[in-house]
Amino acid sequence: MRSLELLGLIEMRHGVGTFLASTQKHPLVEKLSMFILEDEKSKKDVELTRQIHEMEAIRVISCTVTLRTLPMWDSFL
């Protein structure tokens, strides 16, 4: 985790958690993407992985009672 933080890929906040850092215009991400996204299957795999993570994040949030009581929650239904 410390290595990822040193590379600027994640942000660790004491007492709060670990978060993905913005990867826009990140030199390491740009270089890696040239190799990872060479073919169409890899692009589809990355997109599928992103969708899986987003759906799981939504599931976890929807199970949080405190968040479900917020007025804005109804706009998601």
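Residues numbered from 1 in each chain as written. Predicted model: local features only at pLDDT ≥ 70, side-chain atom pairs only at ≥ 80, totals over all residues. Heavy atoms only, no water.

(A) Up close: the overall build of the protein chain. Helix and strand counts for the protein chain come out as four helices and two strands. The order of helices and strands in the protein chain, counted from the N terminus, is α-β-β-α-α-α. Counting all 77 residues of the protein chain, 8% fall into the buried class. When contacts within the protein chain are restricted to residue pairs at least 6 apart in sequence, long-range pairs at least 24 apart make up 0% of them. By element, 65% of the accessible surface of the protein chain is carried by carbon and sulfur atoms, the whole surface being about 6,800 Å². (Helix = DSSP H or I, 4+ residues; strand = E, 2+ residues; numbered from the N terminus. Buried < 20%, exposed > 50% of the residue type's maximum accessible area, 1.4 Å probe, protein only. Contact = heavy atoms within 4.5 Å. Areas by Shrake-Rupley, 256 points an atom, 1.4 Å probe, with all protein chains shown as cover.)

(B) Quick peek at a nonpolar patch on the surface. Together, Leu32, Met34, Phe35, Ile36, Leu37 and Val46 line one region of the surface with nonpolar side chains, adding up to about 570 Å² of accessible area. The residue Val46 is located in helix H3 (residues 40–62) in this model. Accessibility expressed as a relative area gives 41% for Val46, which makes it partly exposed. (Patch = residues over 30% accessible without salt bridge, like charges linked within 9 Å, V, L, I, M, F, W, Y side chains within 5 Å. Salt bridge = Lys/Arg side-chain N within 4 Å of Asp/Glu carboxyl O.)

(C) A look at the pattern of salt bridges. Across all of its chains, the model carries six salt bridges by this definition. Two residues, Asp45 and Lys41, come together in a salt bridge whose shortest N-O distance is 2.9 Å. Within this pair, Asp45 and its partner Lys41 are both found in helix H3, separated by four residues, close to a single helical turn. With a relative accessible area of 34%, Asp45 lands in the partly exposed category.

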